[in-house]
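# Structural description and commentary
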Amino acid sequence: MKISLMKKLSLGFLLTILGSIVLTSLISNYTVGKEFRKYLFDEHKLKIDNVIKLVEDLYNEQNSFSNINQYEIQRYAEMEELYVEIRDLSNDTIYSSGNSHLMHKNMMENMMGPMMSNFSKMNIGEYTENKYPLIIDNKNVGTIVIGYFGTSYLSSGSVTFINTLNHSFILSAFIALIFGLIISIIISRQLSKPLVKITETANEMRDGNLSVRALVNTNTKEISELSSSINYLAETLSKQEMLRKRLTSDMAHELRTPLTTLKTHVEAFIDGIWEPSVERLEDFYEEIERLTKLVDNLRNLARIEQANLNLNKSYVNLSNELDKIIDAFKPLYIKKNYELTSNIPLEVNATLDKDKFKQIMNNLLLNSYKYLKPNGKVEVILRKEKQSIIIKVIDNGIGISEKDLPYIFERFYRSDVSRTKHTGGSGIGLTITKSLVEAHGGKIYVESKLNEGTTFSIEFPAT
């Protein structure tokens, strides 16, 4: 059975807190109990030492057991709940504190009960007697017998402390459990609520609603990044859907014109309106050639975009190659009264496929040529930096609108302005150029303003 993330997180936090409380209580109880027993043992030893010292002091004052002040010993024995007996060297009893400690034993057994299980090692109720020699001026003058029950280790204050400690552990555990439950619910909601929103967004995207966005307000880094990724995916899919529709429309546009022309001519021949002639058959051939070029471009694009594109790289003098390409284009530009200039430093070298590089530059220079205005200018700039080689093709042509700029490297994408100029392109030249540049490990950028011009920048890794 599947349960919600919030329930899982809440249960996980609660179990963790409960386990922590149990472990902390056990460890604390053991540690405190151990130290408390040690403290009580030390206190008990101090009591015995004080009794012996008191008897020794009283003997010194009286210099005899016969006249000893028994009241002081009796008061101390009752106060400390000990049995005290003094014997001389003949082992005759000189003093005994009586059985007052038995009253303490019964009282303590009733008070402590099961709460004292952690202190069972004190042998509650077991009576013990120890004998200690009385040494006065380094001379043994008798024996002192000190007896006590196990409960003599404990005073009423000790019992109160132990009971309070146990109650504190129980109360603290209960409060911590309630507090942990509240915090776990809060944290679980903070984590699960945005994830639920992201899931709902993803489901709507799956159903075809690509305009939906995950509006998540969270300070959790991973969830924020996930939300941004989902939104980016939705934006990308929306753009791809738009491009798909645009691609279908553009391909229909590219195919419709030659097919319509061929259909019209054939119908005229069938209806006897036209007689076959060399000129009209040449029109046929031109339209068929146009369709053939379109299919060839598609085939070339598919081949170039394959992951295993083979490049025949060699060490090339880019300065010389660019000069040759520009010289080859100058007659075409001069014929239209265009200006083609360059700014190329000497001896700029790179490792690349020379033929593919020519194809890249040919596509860019032809693209600039098609969209120049009267008396247009194109400049080619070559620049070498530390880690890269930069080539710029700058023109002052019709430019590209801001809405078309993000899509010009897409297949068959042509702006409406370029179509009205009857450039005759298939719309995949820049797509091929981008694929060739990236195959060399490079990048291509474009900057443009409508009616001002366009700048294409290529960046190749320096070798």
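Per an unreviewed UniProt entry, the protein chain goes by histidine kinase and derives from Clostridium bovifaecis. You can read under Subcellular location (unreviewed entry) in the UniProt record for the protein chain the words "Cell membrane". For the record of the protein chain, the UniProt heading Catalytic activity (unreviewed entry) holds the text "ATP + protein L-histidine = ADP + protein N-phospho-L-histidine."

## Looking at the sheet that holds strand 4 (residues 139–149)
As summarised here, the arrangement of the 4 strands in space is 2-1-4-3, forming an open sheet in which the pairing is antiparallel. In this open sheet, the two strands that pair with only one neighbour each are strand 2 (93–96) and strand 3 (127–136). Adjacent strand axes in the sheet meet at a mean angle of 20° when their direction is disregarded. Two elements, strand 1 (residues 83–87) and strand 4, share 5 bridges in a ladder whose sense is antiparallel.

## Structural notes on helix 7 (residues 318–335)
Between its first and last C-alpha atoms helix 7 spans 26 Å; for 18 residues at 1.5 Å apiece the expected length is 26 Å, and the two agree. Approximately 35° is the largest bend angle found in helix 7, and it occurs at Phe-329, with the proline Pro-331 only one to four residues beyond. Within helix 7, burial applies to Leu-318, Ser-319, Glu-321, Leu-322, Ile-325, Ile-326, Phe-329 and Tyr-333. Summarising the contacts, the buried residues of helix 7 are in contact with strand 5 (313–317), strand 6 (339–343), strand 7 (349–353), helix 8 (354–370), strand 8 (377–384) and strand 9 (388–395). The N-cap of helix 7, judged by a side-chain oxygen 3.1 Å from the amide nitrogen of Ser-319 a few residues on, is Asn-317. Residue Asn-337 follows helix 7 closely and has a positive phi angle near 65°.

## What about the pairing of strand 2?
As judged from the 3 bridges shared by strand 1 and strand 2, these two strands associate in the antiparallel manner. Within the sheet, the bridge partner assigned to Arg-87 lies in strand 2 and is Thr-93.

## Focus: the UniProt feature "transmembrane region" (unreviewed entry) in the protein chain
With numbering aligned to this structure, UniProt lists the feature "transmembrane region" (unreviewed entry) at residues 169–187. Taken end to end, residues 169–187 is 100% helix and 0% strand, and its first and last C-alpha atoms sit 26 Å apart.

## Some remarks on the pattern of salt bridges
For the structure on display, the rule yields 9 salt bridges. A salt bridge links Asp-42 to Lys-38; the nearest nitrogen and oxygen atoms lie 3.5 Å apart. On the criterion of helical spacing, the pair formed by Asp-42 and Lys-38 is a turn pair, its members being 4 residues apart in helix 1 (residues 5–62). Given a relative accessible area of 42%, Asp-42 falls into the partly exposed group. Between Glu-385 and Arg-383 there is a salt bridge whose closest N-O contact spans 3.3 Å.

## Digging into the sheet that holds strand 8
Pairing in this open sheet of 5 strands is mixed, and the strands run 6-8-9-11-10 from one edge to the other. With one partner strand each, in any of the chains shown, strand 6 and strand 10 (443–449) form the two edges of the open sheet. In this sheet, neighbouring strand axes are inclined to one another by 15° on average, regardless of whether the strands run parallel or antiparallel. Of the strand pairs in this sheet, strand 8 and strand 9 are connected by 7 bridges, and their pairing is antiparallel. Bridge pairing links Lys-384 to Ile-389 in strand 9. Set on the sheet, helix 10 (residues 429–439) makes contact with strand 10 and strand 11 (453–461); between it and strand 10 the angle comes to about 140°.

## What to know about helix 2 (residues 70–80)
Buried within helix 2 we find Ile-73, Tyr-76, Ala-77 and Glu-80. Projection of helix 2 onto a plane perpendicular to its axis shows the buried side chains occupying an angular sector of 100°, all on one side. Immediately beyond the C-terminal end of helix 2, within one or two residues, lies Glu-81, with a positive phi of roughly 60°.

## Observations concerning the packing of aromatic side chains
Applying the stated criterion to the full structure yields 7 aromatic pairs. Look at Tyr-338 and Tyr-369: their rings are 5.6 Å apart centre to centre, the planes differ by 75°, and that puts the pair in the edge-to-face class. Residue Tyr-338 is found in the loop between helix 7 and strand 6, and its partner Tyr-369 is found in helix 8; the two are separated by 31 residues along the sequence. For the pair Tyr-338 and Tyr-369, a shared accessibility class is recorded, and that class is buried. Ring pairs connect the aromatic residues Phe-269, Trp-274 and Phe-284, which therefore count as one cluster.

## Describing the nonpolar core
Core analysis: the biggest nonpolar cluster contains 39 residues, and Tyr-333, Phe-357, Met-361, Leu-365, Ile-391 and Ile-458 have the highest contact counts within it. Listing elements by their share of this core, those giving two or more residues are helix 7, strand 7, helix 8, strand 8, strand 9, helix 10, strand 10 and strand 11. Excluding residues that lie within four positions of it along the chain, Tyr-333 makes contacts with Tyr-338, Glu-339, Leu-340, Leu-365, Ser-368, Tyr-369, Leu-372 and Val-378. Counting residues in hydrophobic clusters, the runner-up holds 19 residues, among them Val-51, Leu-82, Ile-86 and Ile-144.

## Description of the pairing of strand 11
When you tally the buried positions in strand 11, you get 7 out of 9 residues, the bulk of the element. Two strands pair when backbone bridges link them, and strand 9 and strand 11 are joined in this way by 8 bridges, in the antiparallel orientation. Bridge pairing in strand 11 places Ile-391 opposite Ile-458. Between strand 10 and the antiparallel strand that follows it, strand 11, lie 3 residues; Asn-451 among them carries a positive phi value of about 70°.

What counts, and where the lines are drawn
- Residues numbered from 1 in each chain as written.
- Predicted model: local features only at pLDDT ≥ 70, side-chain atom pairs only at ≥ 80, totals over all residues.
- Heavy atoms only, no water.
- UniProt positions renumbered as here; feature names shortened; annotations may be inferred.
- Pairing = 2+ DSSP bridges.
- Helix = DSSP H or I, 4+ residues; strand = E, 2+ residues; numbered from the N terminus.
- Axes fitted to C-alpha atoms, helices over the stretch in contact; angles between N-to-C directions.
- Expected span 1.5 Å × (residues − 1).
- Bend = angle between axes of the 7 residues up to and from the residue.
- Buried < 20%, exposed > 50% of the residue type's maximum accessible area, 1.4 Å probe, protein only.
- Contact = heavy atoms within 4.5 Å.
- Polar contact = N/O pair within 3.5 Å; in protein donor to acceptor, adjacent residues only side chain to side chain.
- Salt bridge = Lys/Arg side-chain N within 4 Å of Asp/Glu carboxyl O.
- Arc of directions from axis to C-beta.
- Phe/Tyr/Trp six-rings, centres within 6.5 Å; stacked < 30°, edge-to-face > 60°.
- Core = buried A, V, L, I, M, F, W, Y, C linked by side-chain atoms within 4.5 Å.

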